[in-house]
Amino acid sequence: MEGRGSPPTGEQVELTVIRLVALLSHSRRAVRASCIAALNSLLGPMRLVRGEFSPTVAGWAELARRTLKLADFQTILCNFCSDYDAIVRAAALRSLLQINDLSNDLLPQLRENYSLFVSMLKDFSEEVRELAMMIIWRIGVTPLDSTEPSPLEDDAFVKICGCVNDGDLHVRAAAFRLLGTFRKVSEQLLIQTLQKSVIQQHRGSTNVKQPGRIGQWKQRSIPSESTETTGDVDIDAPNTGPPTLVAVTETQLKTGTIGASVSFAGSAWSDFLPVDAQACGAFVHGLEDEYELVRNTAVDAMRELCLASQAFADKALFCFIDMFNDEMHSVRLNSVKSFRAIVNPPDDEQQVESDAMDTGSDEEASKRGGVIVDGLHRLRNILMVLHDADKAVRLEGHRMCSGVCVRNLQDLNVFINELMRNIRRHPDDLISVYECLRDVGRNHPKLIGKQVDRFFNLDPRFTVSEINMEDRAHIGNMILVFNAASEEEGSKSVDAMNSSYILGRVPTYAFRHYLYMRDQYPGCFPAIVSHFHLAQ
């Protein structure tokens, strides 16, 4: 008989596998679950012993697979997914996940049992529901080959959307984590998760799946009011075309049945199909969840989807703004960071184009990227983060506001006044607010140019009066004016500023103040070499 420390032979490994398979029919649930875990250890992807690769363990796995092939083991596991005990079902699902991490060759067989895993989303065990959801996600996001996407990705996305209303908070949080990883879902499904009304889809239309386009942004615009159509479908109304949205009841949302009492067959609307009700308002439910963990996870998932889909980001920005009022500071901070990540892509070298804007005047937003906010009400909602009780939220809000652009003088004055008010209420935020004013000046060169007289209290009827250079409001105005001058007419060279229109209107004493303030706040002022002869 061999010593206790001797490695097992091929015959011993084969005998162990046979015995474990025989014990799978044991009456005790702990035995069945332990045998599944043991077989998974022998056949599955466990190759590390004490953090190092072990050729001996890998050799055991090869010997074990000669006795029980992975495909046969997967068939056994799928059968045990219907076991009457939740512990055994969870062990089978966990092993399925692990062996499919080892090889994608097993996925076709796993897809054949897709309906089984969907039915397990209603299991009474929270662990089973979460594991079944992860398998559905794995089937959905894994393509058939390198060129053809997964045919079940949209359906898997919808099924996981249905889990955001699960009774267990950890299952809901896991659902949102998985939703944030989808990259080739149709845009209509993504937008549907932000609306509780059902968007109808034409039968002949094609769902164009948009790949990730991180950094390829045009400048967005947040309108003052939503232009989306809402309301019920009037069946007796004249045939003026199919409606865009259909209002559904809570019962229809929970059961996933829409239009059961309304027949579209043979009507002018028969060519239009509603999107699956499980996707309706999925993220709306997540953002309104009572638990902080779920709300934070929903915000994270929306941020990842926004970075991959521009159409979804344009709709989801409203939701982030609403979350600035959340009762938990961590959710507010996460929402502000997410908003900033979307409107200010991390790739600073990416050339960002701005949309053409016809406002009927010389006013225009900057071409530096970011988000254009239309409407004073929406702007105030964004600026409320500047007065948050948590300093971390306020500082992140300053960075977020660096990418906000407005179209008219009224909104710009409100913007600047709120930042100045922030300095008065929270003096510790001084440097952060000045850095924000620097970017506001660069983003609005033409609007700032029209405000020079107001900033320096200039009136042609009176002699120019020098403002105290220690006045914080005056320092903020100086930062705005000189940074706007650096961006005037799209100039990137210092020499071009010799003919700057803005600097030509600045009073002489401002250049002396500039030299002092540039040394006091070096990160807030641009380098200017012109017009200094006026200051001497």
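Residues numbered from 1 in each chain as written. Predicted model: local features only at pLDDT ≥ 70, side-chain atom pairs only at ≥ 80, totals over all residues. Heavy atoms only, no water.

(A) Looking closely at the overall build of the chain. Each helix and strand counted, the chain has 25 helices and eight strands in total. When burial is assessed residue by residue, the chain has 50% of its 536 residues classed as buried. Contacts in the chain between residues far apart in sequence, at least 24 positions, make up 72% of those at least 6 positions apart. Carbon together with sulfur atoms contributes 50% to the accessible area of the chain, which is approximately 26,400 Å² in total. (Helix = DSSP H or I, 4+ residues; strand = E, 2+ residues; numbered from the N terminus. Buried < 20%, exposed > 50% of the residue type's maximum accessible area, 1.4 Å probe, protein only. Contact = heavy atoms within 4.5 Å. Areas by Shrake-Rupley, 256 points an atom, 1.4 Å probe, with all protein chains shown as cover.)

(B) Structural context of the side chain of Ser338. Position of Ser338 relative to the elements: it lies in helix α16 (residues 329-343). There is a polar contact of 2.8 Å between the side chain of Ser338 and the backbone oxygen of Asn334. (Polar contact = N/O pair within 3.5 Å; in protein donor to acceptor, adjacent residues only side chain to side chain.)

(C) View of the packing of aromatic side chains. All chains considered together, the criterion is met by 10 aromatic pairs. Taken together, a centroid distance of 6.5 Å and an interplanar angle of 75° make the contact between Phe456 and Tyr509 edge-to-face. Remark: Tyr509 occurs in helix α25 (residues 509-520) and Phe456 occurs in the loop between α22 (452-455) and α23 (472-487); sequence separation between them is 53 residues. The burial state of Phe456 is the same as that of Tyr509; both residues are buried. (Phe/Tyr/Trp six-rings, centres within 6.5 Å; stacked < 30°, edge-to-face > 60°.)

(D) Main features of the packing of α23 against α25. At a minimum axis separation of 11 Å, α23 and α25 run at an interaxial angle of 100°. Classified by the angle their axes make, α23 and α25 are roughly perpendicular. Counting all contacts with α23, which are made through His474, Ile475, Met478 and Phe482, the residues of α25 involved are Tyr509, Ala510, Phe511, His513, Tyr514 and Met517. Tallied by class, the residues present in the contact of α23 with α25 amount to eight nonpolar, two polar and no charged. (Axes fitted to C-alpha atoms, helices over the stretch in contact; angles between N-to-C directions. Parallel < 35°, antiparallel > 145°, perpendicular 65-115°, else oblique. Nonpolar A, V, L, I, M, F, W, Y, C, P; charged D, E, K, R; others polar.)

(E) Highlighting the pattern of salt bridges. With the rule as written, the count across this model stands at 21 salt bridges. Asp123 serves as the salt-bridge partner of Arg89, at 2.9 Å between the closest nitrogen and oxygen. In this pair, Arg89 sits in helix α5 (residues 86-102) while Asp123 sits in the loop between α7 (114-119) and α8 (126-141), placing the two residues 34 residues apart along the sequence. Residue classification places Arg89 among the buried residues on the basis of a relative accessible area of 6%. Among the salt bridges present, the one from Asp374 reaches Arg407, with a minimum N-O distance of 2.5 Å. One end of the pair, Asp374, is in the loop between β7 (371-373) and α17 (376-383); the other, Arg407, is in the loop between β8 (404-405) and α19 (409-425), with 33 residues separating them in the sequence. Salt bridges sharing common partners tie together Arg183, Asp300, Arg303 and Glu304. (Salt bridge = Lys/Arg side-chain N within 4 Å of Asp/Glu carboxyl O.)

(F) Focus on the state of the cysteines. Counted according to the given criterion, the structure contains zero disulfides. With no disulfide of its own, Cys306 lies 8.5 Å from the sulfur of Cys319, the closest cysteine sulfur. On the basis of relative accessible area, Cys306 is assigned to the buried category, the value being 0%. (Disulfide = S-S within 2.5 Å.)

(G) How the structure looks around unusual backbone geometry. Phi is positive for Asn457, close to 55°, though the residue is something other than glycine. Turning to its location among the elements, Asn457 is positioned in the loop between α22 and α23.

(H) Structural detail: the nonpolar core. Residues Leu93, Leu96, Phe117 and Phe339 are the most contacted members of the largest nonpolar core, which totals 137 residues. Counting residues per element, this core draws most heavily on α5, which supplies nine residues. In this structure Phe117 touches Cys78, Cys81, Leu93, Leu96, Leu110, Ala132, Ile135, Ile136 and Ile139, once residues within four positions along its chain are discounted. (Core = buried A, V, L, I, M, F, W, Y, C linked by side-chain atoms within 4.5 Å.)

(I) Just the environment of Arg129, in detail. Examined against the element boundaries, Arg129 turns out to sit in helix α8. Arg129 sits in the buried class, given a relative accessible area of 10%. On a C-alpha basis, the gap between Arg129 and Asp166 in space is 9.1 Å, while along the polypeptide they are 37 residues apart. If we skip the residues at most four places from it in the chain, Arg129 touches Met120, Leu121, Lys122, Asp123, Phe124, Asp166, Asp168 and Val171. Within the local environment of Arg129, its side chain forms a polar contact with the backbone oxygen of Asp123, the two atoms lying 2.7 Å apart. At a separation of 3.3 Å, a polar atom in the side chain of Arg129 contacts the main-chain carbonyl oxygen of Phe124.

(J) Expanded view of the environment of Lys184. Looking at the secondary structure, you find Lys184 in the loop between α10 (169-179) and α11 (187-192). Considered as a pair, Lys184 and Gly140 are 44 residues apart in the sequence and their alpha carbons are 10.0 Å apart.

(K) Inspection of helix α20 (residues 430-443) at higher detail. Taking 1.5 Å per residue as the helical rise, α20 with its 14 residues ought to reach 20 Å, and the 20 Å between its terminal C-alpha atoms agrees with that figure. Within α20, 11 of the 14 residues are buried, which leaves the element mostly enclosed by the surrounding structure. The complete set of buried residues in α20 reads Leu430, Ser432, Val433, Tyr434, Cys436, Leu437, Arg438, Asp439, Val440, Gly441 and Asn443. Contact partners of the buried residues in α20: α18 (391-401), β8, α19, α21 (445-449) and α23. (Expected span 1.5 Å × (residues − 1).)

(L) Structural detail: the side chain of Asp326. Along the polypeptide, Asp326 turns up in the loop between α15 (310-322) and α16. For Asp326, a relative accessible area of 11% translates into the label buried.

(M) Region of interest: α16. For α16, which comprises 15 residues, the first-to-last C-alpha distance of 21 Å matches the rise-based estimate of 21 Å (1.5 Å per residue) to within 8%. Buried within α16 are the following residues: Val331, Arg332, Leu333, Asn334, Ser335, Val336, Ser338, Phe339, Ile342 and Val343.

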